[in-house]
Each structure stands twice: as C-alpha cells, then as structure tokens.
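Descriptive analysis of the structure
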Amino acid sequence: MTKRIALGQQVPEIYQAMSNLHAEVEKAAANAGLDQKLLELVKTRASQLNGCAFCLDMHTNDAISIGESPRRLFVLDAWRETELFTEQERAALALTEAMTKLSLSQDVPEDVYEEAIRVFTEAQYRTVAWAIIVINSWNRVAVTSHSALPKRDA
C-alpha cells in the first residue's frame, strides 16, 4: 500500500475538533442509557462497510475489551441471518447501513427509520445517528490516509 499524506494528528486543531465531537457523542450515549457494546457494533459495522482496517482493528478490540462476544463480531457482516442481536442492536445496525450507504439510496428508508424510532427514545435515536456520522467521518480519515494498524501481538 502506498504511503499517503496523513490527515489525522498532523492538523491538530481539526483532529481535536473531531475528537471532541466523538467525546460528546460518547457522553450523550451514556446519558441516553445506550449500551457501549451497541455503539461498538455500530462503529464496527460502519467500518466493515467502509473497508477501514484501522477502525475495524480498533473497535473490535475495544468491543472485546468491554465484554463483547467474539462470535457476534465474527458474524456481524451477516447480522440479519442470526438471532444473536437484540432488537435495539438490529435497529442500530440497519440504521448504520442505511446512513453509511447514503450515496446509493440518497435516503434512510422509512422502514429503517420507523423501526429505529420504535425501539429507541428520541435521545437514543439522535445519539445513534450521531455515532454513525462520527464513525463514518473517522473511517474517511483513516482510509484516505492509509492509516497503518498499530503494532499488537497477533
């Protein structure tokens, strides 16, 4: 893979603004009573769709560290075919896919929206949507920069 100009911490003001936005979304999620595992599933699913190895590595690692099942992460790409995910997680994953693929549909389908507002409070819905926006932004930074994976034991 070719080395590219990094977009991240080399522009500290912009990077800090993104980090602050991410921190605000995490705080809003806690205040809205959202499970951190749900957020990590959202981050992981968007990163799968965007082909972001850096974020996939980070968020699957983060998910496992907070008790997420590796099995659920292994089948996340085919979540619709399993009974392993809760009603809220399924709604969040459908919303993640719809918002991540906006260039294809130009909209979030009504059925996806309706299911999300059925299972989430307004505050939870807003927070999930913002979490999707933030991870898609981070994916674009990492993919465009060809961000290298951190060194870890296999």
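Everything numeric here is computed off the predicted structure, so don't read it as measured data.

Counting through the fold element by element, E40 comes out in helix 2 (residues 36-50). Residue classification places E40 among the buried positions, given a relative accessible area of 4%.

Before going further, it helps to examine the environment of T100. Assignment of secondary structure puts T100 in helix 5 (residues 87-100). Using a relative accessible area of 9% as the deciding quantity, one classes T100 as buried. The spacing of T100 and S47 is 53 residues in sequence and 9.3 Å in space, taken between C-alpha atoms. Discounting chain neighbours no more than four positions away, the residues touching T100 are A46, L49, N50, I132, N136 and R140. A distance of 2.7 Å separates a polar side-chain atom of T100 from the backbone oxygen of T96.

Between the first and last C-alpha of helix 5 there are 20 Å, a value that for 14 residues agrees with the 20 Å anticipated at 1.5 Å per step. Of all the 14 residues making up helix 5, 11 are buried; the element is thus mostly covered by neighbouring parts of the structure. Along helix 5, the positions that sit buried rather than exposed are E89, A91, A92, L93, A94, L95, T96, E97, A98, M99 and T100. Buried residues along helix 5 sit in contact with helix 2, helix 4 (70-74), helix 6 (102-105), helix 7 (110-119) and helix 8 (122-145).

Rules behind the numbers
Residues numbered from 1 in each chain as written. Predicted model: local features only at pLDDT ≥ 70, side-chain atom pairs only at ≥ 80, totals over all residues. Heavy atoms only, no water. Helix = DSSP H or I, 4+ residues; strand = E, 2+ residues; numbered from the N terminus. Buried < 20%, exposed > 50% of the residue type's maximum accessible area, 1.4 Å probe, protein only. Contact = heavy atoms within 4.5 Å. Polar contact = N/O pair within 3.5 Å; in protein donor to acceptor, adjacent residues only side chain to side chain. Expected span 1.5 Å × (residues − 1).

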